[in-house]
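If you want the building blocks of each chain, they are given just below.
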Amino acid sequence: MGSGRSKLTCIWMMVALSALSIDAMRHDDSVSEMFVGGNSDSIGEFYHTTDEIITEIRQLSKSCPYLEITPETYQDTTLQAITVSKHPKNASEKKSSENILTGLLIFGEHARELISPELALSFVKRLCSNDSKANGVLNSFRFRIYPVCNPEGRRKVEAGDYCRRTNSNGVDLNRNWGDHWKPTPKDSQSQSWSGPGKFSEGETLILKREVTRSPPDLFITVHSGILGMYTPYAWSGKLPNGNSDDHEQVMLEIPDSEVPSGLPDHVYKMLQILRRNDEKYCRCSAGPAGREVGYLCSGTCLDYIYDVAKTKYTFGLEIFDKNADLGYANYPGKMLLSINSTINRRRHTHHSHSHGHQHGSSCFIESSQSTTSVDNLNKKARKHLRNHRDIHKNQYNMEKSRFPMGVESAGRACLEAFNPVTKKLYDETLDNWTNALLDIATDVVRAELTTDS
């Protein structure tokens with residue numbers, strides 16, 4: 001009897017996962033209807049299309065004198081780049097004398113993460129609002145912002161392909177960067193193909209050109225699918241210490257409650273900034289991505305910006321998880337997001353490793369085919385990861401019936417996995433993380449002032 005139930009459960013899971021495939025999405029007419037509006041359930045009433053985001057920013061530039069939007073093009077790929085600065089255009093060249101920092105923020109690398117470009121729009125609006133916090137940041141920063149880094153992929157999502165993660169060529173842009181890039185299998189169901197070679201895509205080449213031209217002091221990449229706040233590295237279980245090849249694999253040995261000692265000053269400050277803002281805005285898994293996510297990912301923007309561009313303050317933010325244990329706590333003047341981060345991370349890791357699918361996966365999780373084996377990690381790391389899987393296996397079994405067949409379409413499931421679909425949660429998410437972006441930038445300014453002194 002028990003064996004029969006197990007077989008039925010396996011069959012059910014195979015059917016459910018098949019329903020989340022790209023092919024199922026392409027034929028789900030109800031999905032595009034959700035985006036374009038026309039009924040009370042439509043997210044189109046408060047989400048923006050890609051073109052609407054760019055149009056709204058252009059309109060804002062007419063009343064915001066320190067905002068400029070310009071196209072950045074490579075062959076047939078064009079990304080819109082935003083500059084927000086109260087300083088001269090060549091401020092980045094004078095930053096040593098004027099103490100002007102440069103910040104590069106990128107959003108929407110993954111098409112289905114609609115909330116990420118929405119945060120870009122919210123952040124730009126806040127920078128132009130003349131409130132005290134935004135003005136304080138702009139006194140010290142010149143920002144370059146790419147609000148939609150995968151515009152053609154996002155347009156396919158808007159047209160109904162709600163499970164699409166990749167660009168129009170089927171490439172996962174956050175596996176296509178040139179730092180520890182490695183080939184991954186290409187097949188019809190893959191959502192994490194790293195491309196035919198590193199920097200094979202116009203989108204990543206444009207961003208590479210950006211960081212080569214003006215290496216930033218602060219870099220932030222924004223994704224959704226889980227909640228987390230990360231630093232490098234994603235490609236290994238090693239702790240950044242200024243030497244990406246020789247340092248010990250100690251990352252997974254560090255307790256959650258401790259900031260490691262004996263680190264270079266900038267790494268220590270980066271972790272302190274992350275943990276301080278995690279306490280205020282996320283209360284989720286926070287720390288080096290290779291440790292906090294539990295799996296290793298190659299070819300990410302996070303590691304390239306840190307290793308190659310030598311950006312001292314490099315962060316990856318995951319800003320939404322539909323399965324998070326949401327709650328709100330009154331802090332002075334704010335309602336701040338609180339989540340059960342342990343269950344969130346454990347459930348997420350089990351989803352991705354045990355089933356090799358991309359529903360609910362973050363920017364730092366690879367499919368089971370391309371994930372680095374735990375055998376490549378040290379003994380303590382292997383024990384940590386195996387315990388990680390065992391503990392949250394039961395949690396996954398309790399969660400797997402959230403999308404019973406016949407109740408929600410595959411499109412709706414993907415939509416809800418990566419994006420808030422109520423206006424209240426949408427507004428709360430944007431307000432929370434807009435403030436987080438401002439506070440991270442403020443903390444970087446303070447850290448640099450301490451360094452200078």
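Residue numbers run consecutively from 1 along every chain, following the written order of its sequence. pLDDT decides what is reported in this predicted model: residues at 70 or higher carry local features, side-chain atom pairs at 80 or more are listed and counted, and totals for whole chains, interfaces and linings draw on all residues regardless. To get the side-chain values, take all heavy atoms of the structure and skip hydrogens and water.

(A) Structural context of the sheet that holds strand β7 (residues 285-288). The rule for pairing is simple: two strands pair if DSSP sees at least two bridges between them. Secondary structure elements are taken from DSSP: a helix is a run of H or I of four residues or more, a strand is a run of E of two residues or more, and numbering for both begins at the N terminus. Strand order across the open sheet formed by eight strands is β1-β2-β4-β3-β5-β8-β6-β7, with mixed pairing between neighbours. One side of each edge strand has no neighbouring strand; the edge strands of this open sheet are β1 (67-74) and β7. Pairs of neighbouring strands in the sheet enclose a mean axial angle of 20 degrees, with direction left out of account. Here strand β2 (residues 77-84) runs beside strand β4 (residues 141-146); their pairing, made up of three bridges, is antiparallel. From the neighbouring strand, V84 faces β4, where its bridge partner is F143. Note on contacts: a residue pair is in contact if any heavy atoms of the two residues lie within 4.5 Å. Helix axes use the C-alpha atoms of the stretch in contact, all axes being lines fitted to C-alpha atoms, and the angles between their N-to-C directions lie in the range 0 to 180 degrees. This element, helix α9 (residues 202-213), spans β1, β2, β3 (101-107) and β4 of the sheet and lies at about 120 degrees to β1.

(B) Highlighting the nonpolar core. By size, the foremost hydrophobic cluster in this structure holds 73 residues, and its most contacted members are F143 and I145. With twelve residues, helix α16 (residues 423-452) is the single largest residue contributor to this core. Setting aside residues up to four positions removed in sequence, F143 forms contacts with I82, T83, V84, G103, L105, F123, L127, V137, L138 and A441. Grouped together as the second largest cluster of nonpolar side chains are 16 residues, L79, V211, F219 and I305 included. For our purposes a nonpolar core is just a set of buried Ala, Val, Leu, Ile, Met, Phe, Trp, Tyr and Cys residues, chained together by side-chain atoms within 4.5 Å. Each residue is assigned to one of three classes by its accessible area relative to the maximum for its type, calculated with a 1.4 Å probe on protein chains only: buried under 20%, partly exposed between the two thresholds, exposed over 50%.

(C) Focus on the state of the cysteines. Count a disulfide wherever a pair of cysteine sulfur atoms falls within 2.5 Å. Counted under the stated rule, the structure contains three disulfides. Between the sulfur atoms of C163 and its disulfide mate C414 the distance is 1.8 Å. Across the disulfide from C163 to C414, rotation about the S-S bond amounts to roughly 85 degrees, and the bridge is consequently right-handed. Placement of C163 in the loop between α8 (151-158) and α9 and of C414 in helix α15 (residues 410-418) is noted, with a sequence separation of 251 residues between them. The same class applies to C163 and to C414, which are both buried. Free of any disulfide, C149 has its nearest neighbouring cysteine sulfur in C301, separated by 8.3 Å. A relative accessible area of 0% places C301 in the buried class.

It is worth stressing that arrangement in space is one thing and function is another; only the former is reported here.
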